[in-house]
Amino acid sequence: MLTAILIVLAGFVGFIVLVGLICIGIYNGLVSLRNRYKNAFAQIDVQLKRRYDLIPNLVETAKGYMKHEKETLEAVIQARNMAYKAEEKAVANPGDPAAMKGLASAEGQLGGAIGRLFALAESYPDLKANENMLNIQEELTSTENKVAFSRQGYNDAVTAYNTKREQFPAVLLAGMFGFGGAELFEIEVEKEREAPQVKF
Amino acid sequence: MDFFGSQEAARRKTSILVVYFIIAVALMILTLYVVAVGTLTFANSRGDNASVGLSWWQPDILLLVSGGTIAIITLGSLYKTMQLRAGGAGIAEQLGGRRLQGNSRDPLERRLLNVVEEMALAAGTTVPPVFLLDNEPGINAFAAGFTPGDAVIGVNRGTLEHLSRDELQGVIAHEFSHILNGDMRLNLQLMGLLHGILLVAIIGYYVVRGSGGGYRSSSRRDKGGGQIILLGLAMIVIGYVGLFFARLIKAAVSRQREYLADASAVQFTRNPDGIAGALKKIGALSAGSRMESAEAESASHMFFGSFRHSLFQSLSTHPPLVKRIQCIDPHFDGDFAAAVKKASRKPPKEKKEDPQSALEGLKRSLGGMAAAGMGESRIPIDPVIVMAAVGAPTMQHVDYVHGLLDRLPEALRDALHDPFSCRAVVAALLLDGDAGIRARQLQVVHAQLGDLSLQETNRLAPLVEAQGAAARLPLVEIAGNTLRDLSPSQYQTFREMVIELVKADAKIDLFEFALQRVLIRHLDQHFHGHKPPKVLYLAIGGVKHEVSTLISALSHLGHADEAESKSAFEQASAAFAVEKVLVMRARGECSLKQVGEALDKLAQSSAAVKKRVLNAATVSVIADGVVTIAEGDLLRAIADSLDCPMPPLLDATRRSM
């Protein structure tokens with residue numbers, strides 16, 4: 001009698017164990033994919049910070065020549081500060097929809113502001129020829145490329161995570177384990193899509 | 001004991017480990033059984049007055065107890081082992097680690113990354129990813145992974161902030177010693193196995209908590225409830241017994257290796273102050289080397305410093321701190337605070353500050369430079385020395401690498417550490433001298449990676465070429481680390497480009513082959529998952545065909561003249577075995593493709609076999625006493641394919657290709 005109970009018990013326990021192991025596998029898989037996109041965002045962070053650091057220099061250089069364009073210059077600085085703040089939020093919580101959308105819109109604004117600055121700079125031949133300006137431009141372009149590249153990597157990683165999360169059987173457990181959906185990093189302003197390459 | 005010997009020893013230790021483990025489990029079952037029988041008999045005898053004799057043989061209970069215990073332990077060990085398949089990176093992340101980006105702008109992080117990079121290049125391994133444990137204020141570090149190729153290094157926040165560059169170098173050298181001594185794999189197996197034993201204690205703890213632990217109302221305090229609490233308590237006790245055995249096993253296996261790693265680190269850096277300084281700072285810091293994370297206990301044996309002061313020395317995973325320092329610095333008197341104060345008052349031993357040692361350092365790296373094809377030095381290269389250096393890098397290698405990295409222009413260094421530009425650097429490395437082929441290759445770059453990457457490639461190509469042939473393989477090794485940051489699809493595109501670039505000249509040269517073995521192989525493992533390596537071939541017999549192919553190919557590649565290649569082959573064959581097992585293949589029968597396949601198979605042989613294979617390969621490459629840079633790169637690529645890290649070749653009579 002005891003043996004029969006034991007066998008049933010063992011079978012039941014074995015079943016639970018199997019389910020448990022499967023759950024662990026799913027959990028670990030999601031954790032791994034989440035870490036991957038978080039890591040990918042860390043690379044974006046490096047590139048964006050580099051870009052933010054270039055902008056004050058840009059504005060200072062331009063200020064010397066564009067003495068009457070205060071509004072445009074200030075707009076750039078303000079947009080840069082907003083984007084910086086938004087980026088800090090995103091770094092604290094990569095993939096969080098609110099944070100990512102905030103960053104995307106701030107970056108869009110910043111791209112627009114920079115674009116307007118460069119468009120205006122067309123009418124200042126001395127500024128165009130300034131060596132410092134040319135260096136900054138080149139660095140900006142190069143950084144833009146790297147931002148775009150790292151964004152692509154991040155979006156790839158987010159897509160992989162979201163796909164796994166939405167598939168069966170992970171979809172059953174994702175909510176329970178606290179795996180929310182991750183947001184892509186897409187920038188909407190068209191002007192930002194091209195690197196601000198002003199052909200002098 | 002050399003690299004190969006310690007790999008073999010580590011493998012044997014694994015078998016002892018299993019024996020200890022089985023004994024520990026058996027003792028745990030026995031103890032639990034005794035407690036169960038005692039409890040049940042006691043409980044039964046309270047309920048009815050009929051004298052139930054204490055029968056020690058109750059097969060039902062034995063079955064239940066052993067079944068239950070084995071199930072729990074197996075579960076725990078299986079779970080941990082499954083987790084560990086994620087490799088070193090998985091462990092680092094579990095402990096709360098964040099992977100450092102190669103192009104990080106934080107100066108402390110940069111310093112750490114530079115130190116790790118230098119050590120890795122000097123040792124001849126791939127540059128491991130570095131994880132920072134932000135939430136750990138103590139001074140500690142660890143290395144984890146199954147092979148040198150998939151190792152990761154983890155460092156506490158405290159280590160980053162409190163240690164000087166020399167001390168950091170000492171700690172990293174210690175960790176590299178673990179990687180090179182074969183400790184890591186053993187440590188991971190330990191971790192997986194012992195987790196099962198620890199699980200019993202954890203479950204017991206939850207059982208006691210779950211059954212109320214005495215806070216429930218007294219109406220619950222019937223026999224059933226009492227028995228469950230008792231069982232829970234029993235499990236905790238048994239669990240602690242298990243913990244005791246687990247620590248005993250860990251200690252037996254790991255403690256000696258800590259002394260060994262310390263000694264290897266001193267040899268590696270030739271600077272005992274570095275690692276002694278780090279140990280002294282651990283003693284002086286209040287947080288010491290303690291870890292805050294709960295997960296750390298199961299990995300305690302993998303860390304640089306111990307977590308706690310054990311009551312019994314035999315339970316500690318690390319030798320006592322004072323003893324470790326005294327092994328390196330015999331004058332140490334046990335006063336940590338004073339030692340640290342004294343060290344901070346001494347001016348830092350930066351090599352640049354002391355003109356004499358700066359000159360020496362310069363001479364050493366110039367010596368390396370001379371060997372690097374910028375001239376011809378007449379010091380012959382000796383296969384024995386090359387083999388002895390495998391897994392045992394020295395300060396000379398570090399100096400050589402340091403000099404090489406210092407000479408890189410900043411633009412190239414930055415590009416090398418940035419995933420976007422790094423692809424262009426690799427493309428630049430593969431560009432052919434012939435204008436027509438080069439133009440075709442640039443078209444491939446454009447087609448695969450786009451306009452901007454093509455511009456980058458053109459910009460970087462002259463910088464890359466100016467570095468000379470000797471820098472090529474180190475650049476590839478650095479690139480291998482940076483490119484890990486690509487997304488899988490970005491890597492796929494990159495990989496296709498590399499293959500097409502190599503095919504462009506319709507033949508595969510030695511450097512291209514070396515690049516594929518070192519770069520593509522490791523990145524493939526990173527992106528497609530690496531399985532822990534199996535050892536399938538314990539004797540030469542199983543692989544003699546592959547070895548013949550390999551040595552024949554090497555002999556032919558190094559010598560255009562048939563007689564010379566035959567002589568090289570024979571020398572290698574003599575070095576290989578007493579009886580002639582190797583058969584030389586004709587030039588046409590051993591393409592580099594076949595060599596690649598042979599290497600894949602040889603990677604699964606035992607350390608003893610690998611040693612002989614590598615020895616034979618070294619002899620055949622060095623047969624005429626002259627090593628070209630390309631041959632040297634090829635040899636190191638072969639060593640890398642066999643997971644045997646070979647430091648850069650120094651003091652060679654080299655001709656630039």
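Just above sits the structure.
Bear in mind that the values here come from a model prediction, so they are computed numbers and not experimental data.

Another point: the interface of chain B and chain A. Every contact between the two is made by 24 residues of chain B and, on the other side, 23 residues of chain A. Each partner contributes to the roughly 2,200 Å² buried at the junction of chain B and chain A, and carbon and sulfur atoms together form 59% of this total. Our count for the chain B to chain A interface comes out at two salt bridges. As a salt-bridge pair, K146(A) and D418(B) come within 4.0 Å of each other at their nearest N and O atoms. Here chain B and chain A share ten residue pairs in polar contact (both at pLDDT 80 or more) between them. Those elements that provide at least two residues to the side of chain B that touches chain A are helix 2 (59–84), helix 16 (419–430) and helix 20 (488–503) of chain B. With seven residues, helix 2 of chain B is the largest single contributor of residues to the side of chain B that touches chain A. Of the residues belonging to the side of chain B that touches chain A, the class tally is ten nonpolar, seven polar and seven charged.

Each aromatic ring pair is specified by the distance between its two centres and by the angle formed by the two planes. On inspection of all chains with the given rule, the structure shows nine aromatic pairs over all chains. Seen from their ring centres, Y27(A) and F179(A) are 5.6 Å apart, and the 70 degrees between their planes marks the pair as edge-to-face. On the criterion of sequence distance, the pair formed by Y27(A) in helix 1 (residues 2–65) and F179(A) in the loop between helix 6 (170–177) and helix 7 (190–193) is long-range, its members being 152 residues apart. Arranged with centres 4.4 Å apart and planes meeting at 10 degrees, the rings of Y491(B) and F527(B) form a pair that is stacked. Here Y491(B) is found in helix 20, whereas its partner F527(B) is found in helix 21 (residues 510–528), with 36 residues between them in sequence. You'll find Y491(B) and F527(B) in the same group, each marked buried. Of the aromatic side chains, those joined through ring pairs into one cluster are Y37(A), F41(A), Y154(A) and Y161(A). The ring of F185(A) has R151(A) lying over it, and the distance from NZ or CZ to the ring centre is 5.6 Å. Of note, R472(B) hangs over the ring of F511(B), and the distance from its end group to the ring centre comes to 4.2 Å.

Two side chains with opposite charge may pair up if their charged atoms get near one another. As enumerated under the stated definition, the model contains 26 salt bridges over all chains in all. The shortest N-O distance in the salt bridge between R105(B) and D53(A) comes to 2.1 Å. With one member in each of two chains, R105(B) in the loop between strand 1 (97–99) and helix 4 (107–123) and D53(A) in helix 1 form a pair that bridges those chains. Judged by relative accessible area, which is 44%, D53(A) ranks as partly exposed.

Residues and elements named next belong to chain B. Across the interface, helix 9 (residues 272–284) lies against helix 10 (residues 321–328) with an axial gap of 9 Å and an inter-helix angle of 160 degrees. Taken as axis vectors, helix 9 and helix 10 run roughly antiparallel relative to one another. Crossing of helix 9 against helix 10: the hand is left-handed. Contact residues: P272, I275, A276, L279, K280, I282 and G283 in helix 9; L321, R324, I325 and I328 in helix 10.

All names here are of chain B. For the pair helix 4 and helix 6 (residues 165–180), the least separation of the axes is 10 Å and the interaxial angle reads 45 degrees. When the axis of helix 4 is compared with that of helix 6, the two are oblique. When the axes of helix 4 and helix 6 are compared, the crossing they make is right-handed. The residues of helix 6 that touch helix 4, namely those facing R111, L112, N114, V115, V116, E118, M119, A120 and A123, are R165, L168, Q169, I172, A173, F176 and L180. Residues belonging to the contact of helix 4 with helix 6 are distributed by class as follows: eleven nonpolar, two polar and three charged.

Our next topic: the sheet that holds strand 1 of chain B. Residue and element names in this part refer to chain B. Pairing within the open sheet is mixed, and its four strands lie in the order 1-2-4-3. Looking at which strands have only one partner, the edges of the open sheet turn out to be strand 1 and strand 3 (141–144). Each strand axis lies, on average, 25 degrees off the axis of its neighbour in the sheet, ignoring direction. Where strand 3 and strand 4 (residues 152–156) come together, four bridges link them in antiparallel fashion. When the bridges of strand 4 are listed, F142 appears paired with G154. Strands in contact with helix 6 are strand 3 and strand 4; relative to strand 3, the strand with the most contacts, it is inclined by about 25 degrees.

Calculation rules
Residues numbered from 1 in each chain as written. Chains lettered and ligands numbered in written order. Predicted model: local features only at pLDDT ≥ 70, side-chain atom pairs only at ≥ 80, totals over all residues. Heavy atoms only, no water. Contact = heavy atoms within 4.5 Å. Buried area = accessible area lost by both parts, 1.4 Å probe. Salt bridge = Lys/Arg side-chain N within 4 Å of Asp/Glu carboxyl O. Polar contact = N/O pair within 3.5 Å; in protein donor to acceptor, adjacent residues only side chain to side chain. Helix = DSSP H or I, 4+ residues; strand = E, 2+ residues; numbered from the N terminus. Nonpolar A, V, L, I, M, F, W, Y, C, P; charged D, E, K, R; others polar. Phe/Tyr/Trp six-rings, centres within 6.5 Å; stacked < 30°, edge-to-face > 60°. Buried < 20%, exposed > 50% of the residue type's maximum accessible area, 1.4 Å probe, protein only. Lys NZ or Arg CZ within 6 Å of the ring centre and 35° of its normal. Axes fitted to C-alpha atoms, helices over the stretch in contact; angles between N-to-C directions. Parallel < 35°, antiparallel > 145°, perpendicular 65-115°, else oblique. Left-handed = near helix turned anticlockwise from the far one by under 90°. Pairing = 2+ DSSP bridges.

Function cannot be read off these values alone, since they describe shape.
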